[in-house]
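Each chain, written out:
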Amino acid sequence: MIYSNRFLVFFSLLATTCANLSQLNLCMSSNDLVLPKDNHTIFENLTILVEVLLPCKKPDVLSYTQVIPGIRLGIKHYYQDHVKPCRIELHYRDTACNNALAPYQAFEAYNAGPPHLILGPVCDYALAGAARFVKFWNISLITAGGFASAFHAAKHNFSHEFHLLTTTGLSQMGIAEAIVQFGRKFNWKNYKLIFEPEDTDKYADMEQFCGNILKAFTKELQTTRLGSYTAFSWNDGSIDESIKDKARRVLQKEVGNNYAIILLCLSKNITRELLLVAEELNMIDSGEYIFIDIEMFKSQKQDPRRLGLLTSDEASNFRIKKSLQSVVLVTAFLPDKTNSTFSHFFEELYNETAKEVESNSQEVNPVAIGFYDAITIYTQVINEMRNDLEDITNGFYVTNRLKNRTFYGRLGPIFIDKDGNRETDYSFLNYNPETELFEPIIHFNGTTKSFISHDSRGWRWPNGDDAPPDTPTCGFDNSKCAATSLPRYIVAIISLVIAFCVFGTIALFIYSGLQSDNLSRRFKREAQLVSMTWKIMWKDIALTTSRKNCWNSESRITLMGKNNLRGGSFFETQSTFMSTTALQNEENNSRTVTFSNAFYKGNLVALKKLPVTKIELNRPLLLEMKILKDLQCDHVVRFIGACIEPSHCCLITEFCAKKSLQHILENEEINLDWTFRTSLMTDIVKGMHYLHNTDLKSHGHLTSSNCVVDSRFVLKISDFGLPYLRYEKAKEDEENLEMYNKSNSY
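Residues numbered from 1 in each chain as written. Predicted model: local features only at pLDDT ≥ 70, side-chain atom pairs only at ≥ 80, totals over all residues. Heavy atoms only, no water.

Chemist: Run through the overall build of the protein chain, naming residues and quoting values.
Modeler: The secondary structure content of the protein chain amounts to 21 helices and 24 strands. Burial analysis of the protein chain (746 residues in total) assigns 51% to the buried set. Sequence separation of at least 24 residues holds for 72% of the intrachain contacts in the protein chain that already meet a minimum separation of 6. Surface exposure of the protein chain reaches about 36,000 Å², of which carbon and sulfur atoms provide 52%. (Helix = DSSP H or I, 4+ residues; strand = E, 2+ residues; numbered from the N terminus. Buried < 20%, exposed > 50% of the residue type's maximum accessible area, 1.4 Å probe, protein only. Contact = heavy atoms within 4.5 Å. Areas by Shrake-Rupley, 256 points an atom, 1.4 Å probe, with all protein chains shown as cover.)

Right, dumping it as structure tokens:
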């Protein structure tokens with residue numbers, strides 16, 4: 001079955017690759033036996049054949065000349081670190097990052113003699129075809145490429161098409177995870193992605209690289225549920241639209257005042273123009289916007305000139321440097337090359353790179369480091385298998401030993417998870433205006449899923465010490481804040497003045513209170529005034545059945561002449577119901593006071609309607625309400641509360657079933673012996689004595705109609721306090737009010 005599959009694959013590829021064979025570039029030798037510099041190393045009688053599948057020239061960061069130094073240095077260190085190493089023979093084949101050519105080259109390598117190991121391909125579509133074959137050939141494949149999320153799925157099961165694939169480099173899933181966790185630190189959950197779906201100059205010849213980053217970011221947000229996003233494809237819109245015009249449209253319409261965290265995966269010139277337009281639109285000065293630029297194949301400190309953000313135009317460069325303070329750069333993490341522990345390693349890598357390319361750049365290629373680590377972990381596994389007398393040509397055995405373990409190399413630990421994917425680290429860089437460089441502040445550890453700080457100064461956010469929220473507070477045009485908003489310094493001055501006045505008032509109040517022994521009682525009293533425990537809602541009052549439809553025409557008490565100006569008892573009723581209009585039209589100009597019985601919280605109460613439609617609360621009224629509420633005496637009618645809702649203004653008091661003293665005196669059927677009379681008079685004296693010793697001081701108008709009797713024939717004083725609420729017109733009652741006020745002054 002395996003052999004039939006091989007022939008089917010071969011013939012299917014033969015037709016599709018013939019046209020691509022002319023693209024092969026002879027930049028590589030057919031084989032390269034890497035030997036140590038000295039001839040004193042004693043080798044095992046075993047040669048390990050390694051097929052290297054790399055593009056010859058493009059894309060540049062993944063090309064043979066950029067990557068092979070890492071492979072050679074890895075083999076060199078293998079020879080140095082082992083007493084009796086195996087010889088490693090490298091064979092190179094150009095894939096041109098072509099999805100048809102790469103599988104063909106892999107088949108040619110297998111047909112020439114099955115290798116022990118295949119390194120590469122690096123490009124996603126080229127790798128996909130080659131990685132599907134090795135499972136049937138039982139050959140282990142390790143690559144520092146394979147950035148797409150498809151290669152980082154759960155492939156520990158043999159049925160998975162990439163079962164024998166191990167990745168040691170960067171991944172789009174890893175960088176998406178790092179960005180989401182970075183946003184989690186600052187409670188960012190709302191993102192805007194602006195990307196180019198096809199090739200960019202940063203990721204040239206890598207098909208749909210930014211589009212695949214978008215897919216990885218989508219999957220990470222869906223898995224973690226740590227936020228949401230919307231995306232904008234730069235290719236949308238008119239092809240005649242200039243970069244500047246499109247940048248302005250995108251920032252105003254797509255980003256606007258809805259998103260403050262913008263992820264960029266764009267070409268250098270588009271990123272530069274976007275930042276210039278953002279500066280024009282006040283997005284930078286507002287301090288409310290952060291641009292996260294993904295530079296996956298960069299590492300360590302970065303000069304904006306090398307990132308293509310600065311040009312020879314110094315005027316625009318000044319604006320760009322200002323904008324860079326709102327930019328967070330995400331790159332691959334590598335140890336500090338100035339550290340003495342790692343400096344020798346990087347020096348060796350530069351020397352190896354100089355053999356392939358002429359460059360003064362000290363930039364470290366993370367992909368080359370990934371292939372160096374691939375050699376490190378593979379040679380450690382081979383040594384273990386030879387010690388355990390296992391077959392090193394068995395790709396399944398090799399791959400299984402690579403998974404779910406930590407290796408230790410010159411640059412630190414290398415953790416490969418159960419699916420054969422390396423947990424990679426990523427740095428977050430902040431622009432330093434003093435050095436004019438992007439410098440690493442923290443890095444995300446892919447193994448521990450935590451952040452490690454590199455700069456004690458922390459982040460330099462454009463608006464100060466705190467990271468901006470993920471949604472603009474005011475927006476770049478300040479439209480989300482009040483149009484009449486004052487400058488910040490004016491607001492600060494006003495706030496200080498108000499704070500001074502408030503604290504001064506509080507201090508004065510405290511000082512005054514400390515002069516008396518009643519400070520605590522004053523605070524308590526003020527709190528009780530504000531709480532208005534006496535206030536009753538009209539909906540909580542249930543009128544008795546006979547009163548429900550006659551609130552405006554209830555039983556009345558007619559008060560004749562000035563002697564009765566104050567009003568009668570709450571409870572004295574007439575047998576005939578009379579309308580308010582009829583009572584007001586009587587010849588003697590009598591006044592009326594309405595009352596009723598009702599239920600409140602299941603208890604029968606007396607309810608007196610006040611001759612006002614609206615009550616304005618003020619401090620004297622609140623004080624008197626509190627005084628009435630606090631009265632507790634067996635010979636004073638208990639004040640339950642008041643309703644002050646418009647059209648329902650009334651007082652609610654204790655219900656006394658035997659009506660008023662006037663009613664008892666005028667009722668000939670009641671026998672008033674001297675014992676009964678003495679008891680009633682004693683009750684009046686006790687009630688008035690209690691009132692005179694309260695803050696009310698006096699009753700003001702005591703009559704027999706104001707003395708009511710409960711069901712136990714206990715007399716109680718009623719109709720005291722709140723003079724202004726009990727009279728319909730204060731001017732008409734001036735005489736009575738004067739008498740009331742005079743009595744209070746005694």
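Chemist: An account of the packing of aromatic side chains is requested, with residue identities and associated values reported.
Modeler: For the coordinates displayed, the defined rule picks out 26 aromatic pairs. When the centroid spacing of 5.1 Å and the interplanar angle of 45° are considered together, the rings of Phe151 and Phe162 count as tilted. With Phe151 in the loop between strand E5 (140–143) and strand E6 (165–167) and Phe162 in the loop between E5 and E6, the pair connects residues that are eleven residues apart, well separated along the chain. Ring centres of Phe345 and Tyr372 lie 4.9 Å apart, and the angle between their planes is 70°; on these two criteria the pair is classed as edge-to-face. Here Phe345, found in helix H11 (residues 340–354), pairs with Tyr372, found in helix H12 (residues 366–387); they are 27 residues apart in sequence, far enough to count as distant. What makes Phe345 buried here is its relative accessible area of 4%. (Phe/Tyr/Trp six-rings, centres within 6.5 Å; stacked < 30°, edge-to-face > 60°.)

Chemist: Residues and numbers for the confidence of the model for the protein chain, please.
Modeler: When pLDDT is averaged along the protein chain, the result is 81; 81% of the residues meet or exceed 70. pLDDT under 50 marks residues 546–594. Its contacts with residues more than four places away, or in other chains, come to 113 contacts. (pLDDT = per-residue confidence, 0-100.)

Chemist: Tell me about the state of the cysteines, residues and numbers included.
Modeler: All told, the structure shown has three disulfides when counted by the stated rule. Put simply, Cys97 and Cys123 are joined by a disulfide, and their sulfur atoms are 1.5 Å apart. In this pair, Cys97 sits in the loop between strand E3 (87–94) and helix H3 (101–112) while Cys123 sits in the loop between strand E4 (117–119) and helix H4 (124–137), placing the two residues 26 residues apart along the sequence. A relative accessible area of 11% means that Cys97 is categorised as buried. At a sulfur-sulfur separation of 1.8 Å, the disulfide partner of Cys474 is Cys481. (Disulfide = S-S within 2.5 Å.)

Chemist: Describe the packing of helix H2 (residues 64–81) against H12, and please don't skip the residues or the numbers.
Modeler: At a minimum axis distance of 7 Å, the contact between H2 and H12 shows a crossing angle of 30°. As summarised for this structure, H2 and H12 are arranged roughly parallel, according to the angle between their axes. Regarding H2 and H12, the two cross each other, and that crossing is right-handed. Each of Gln66, Val67, Gly70, Ile71, Leu73, Gly74, Ile75, His77 and Tyr78 in H2 lies in contact with H12, whose residues at this interface are Val367, Ala368, Phe371, Tyr372, Ile375, Thr379 and Asn383. When its residues are assigned to classes, the contact of H2 with H12 shows ten nonpolar, six polar and no charged. (Axes fitted to C-alpha atoms, helices over the stretch in contact; angles between N-to-C directions. Parallel < 35°, antiparallel > 145°, perpendicular 65-115°, else oblique. Left-handed = near helix turned anticlockwise from the far one by under 90°. Nonpolar A, V, L, I, M, F, W, Y, C, P; charged D, E, K, R; others polar.)

Chemist: Residue-level account of the nonpolar core, with values.
Modeler: Core analysis: the largest hydrophobic core is formed by 83 residues, its most contacted members being Ile71, Leu119, Phe297 and Phe428. The dominant element in this core, judged by the number of residues it contributes, is H12, at nine residues. Composition of this core by domain shows at least three residues from each of domain 1 (43–170 + 341–417) and domain 2 (172–295 + 300–333 + 425–453). Excluding residues that lie within four positions of it along the chain, Leu119 makes contacts with Val50, Glu51, Val52, Leu53, Ile71, Ile142, Phe371, Ala374 and Ile375. (Core = buried A, V, L, I, M, F, W, Y, C linked by side-chain atoms within 4.5 Å. Domains from an automatic or database assignment.)

Chemist: Tell me what's going on with the pattern of salt bridges, and back it up with residues and numbers.
Modeler: Taken as a whole and assessed by the stated rule, the structure comprises 29 salt bridges. The partner of Arg460 in a salt bridge is Glu439, with the nearest N and O atoms 3.9 Å apart. Of this pair, Arg460 sits in the loop between strand E16 (450–453) and helix H14 (488–514) while Glu439 sits in strand E15 (residues 437–445), and the two are 21 residues apart along the sequence. Assessed through its relative accessible area of 22%, Arg460 is described here as partly exposed. One connected set of salt bridges, linked through shared partners, spans Lys244, Arg248, Glu279, Glu280, Asp285, Arg319 and Lys322. (Salt bridge = Lys/Arg side-chain N within 4 Å of Asp/Glu carboxyl O.)

Chemist: I'd love a proper account of the packing of helix H7 (residues 243–255) against helix H8 (residues 268–280), names of residues and values included.
Modeler: The N-to-C vectors of H7 and H8 enclose an angle of 55°; their axes lie 9 Å apart at closest approach. Between H7 and H8, the interaxial angle falls into the category oblique. With respect to the hand of their crossing, H7 and H8 are arranged in right-handed fashion. Where H7 approaches H8, its residues Ile243, Lys244, Ala247, Arg248 and Leu251 are matched on the opposing element by Asn269, Ile270, Glu273, Leu274, Val277, Ala278 and Glu280.

Chemist: Explain helix H13 (residues 395–402) to me, using residue names and the numbers behind them.
Modeler: When we look at burial in H13, the residues that qualify are Gly395, Val398, Thr399 and Leu402. Projection of H13 onto a plane perpendicular to its axis shows the buried side chains occupying an angular sector of 95°, all on one side. Buried residues in H13 make contact with E5, E6, H12, strand E12 (405–409) and strand E13 (412–416). The residue sitting at the N-terminus of H13 and contributing the capping side-chain oxygen is Asn394; that oxygen lies 3.0 Å from the backbone nitrogen of Phe396. Of the residues trailing H13, Asn404 is marked for its positive phi of about 55°. (Arc of directions from axis to C-beta. Polar contact = N/O pair within 3.5 Å; in protein donor to acceptor, adjacent residues only side chain to side chain.)

Chemist: Kindly report on the side chain of Lys246, identifying the contributing residues and their values.
Modeler: With respect to the element layout, Lys246 can be found in helix H7. In this structure, Lys246 is buried with no salt-bridge partner, the nearest side chain bearing the opposite charge being Glu241 at 4.7 Å. A polar contact of 2.6 Å, which involves the side chain of Lys246, links it to the backbone oxygen of Trp234. (Lys, Arg positive; Asp, Glu negative; His and termini not counted.)

Chemist: Provide a residue-level description of the sheet that holds E15, including the pertinent values.
Modeler: One open sheet holds the eight strands; their spatial order is E8-E7-E9-E10-E11-E14-E15-E16, and the pairing between them is mixed. Of all strands in the sheet, those bounded by a partner on one side alone are strand E8 (228–233) and E16. Mean inter-strand twist for the sheet, computed between neighbouring axes without regard to direction, equals 30°. Direction of pairing for strand E7 (residues 190–195) relative to E8: parallel, over a ladder of six bridges. By the bridge assignment for E8, Ile194 is matched with Phe232. (Pairing = 2+ DSSP bridges.)

Chemist: Pulling in residues and values, what's your account of the pairing of E16?
Modeler: Examined bridge by bridge, E15 and E16 share four bridges and lie antiparallel to one another. For Phe444, the partnering residue across the bridge sits in E16 and is Phe451. Taken together, E15 and the strand that follows it, E16, pair antiparallel across an intervening segment of four residues, in which Lys449 is found at a positive phi of about 60°.

Chemist: So what about the environment of Ile118? Which residues, and what values?
Modeler: As for its placement among the helices and strands, Ile118 is situated in strand E4. Residue classification places Ile118 among the buried residues on the basis of a relative accessible area of 1%.

Chemist: So what's going on with helix H6 (residues 209–224)? Which residues, and what values?
Modeler: Between its first and last C-alpha atoms H6 spans 23 Å; for 16 residues at 1.5 Å apiece the expected length is 22 Å, and the two agree. Along H6, the residues that are buried comprise Phe209, Cys210, Gly211, Asn212, Ile213, Leu214, Ala216, Phe217, Thr218, Glu220 and Leu221. Among the structural elements, H4, helix H5 (172–185), E7, E8, strand E9 (261–265) and strand E10 (290–299) are those in contact with the buried residues of H6. Of the residues trailing H6, Arg225 is marked for its positive phi of about 55°. (Expected span 1.5 Å × (residues − 1).)

Chemist: Talk me through a nonpolar patch on the surface; I want residue IDs and the actual numbers.
Modeler: On the surface, a cluster of nonpolar side chains totalling about 730 Å² of accessible area is made up of Ile494, Ile498, Val502, Phe503, Ile506, Phe509, Ile510 and Phe523. Relative accessible area serves as the criterion here: at 38%, Ile510 is assigned to the partly exposed category. (Patch = residues over 30% accessible without salt bridge, like charges linked within 9 Å, V, L, I, M, F, W, Y side chains within 5 Å.)

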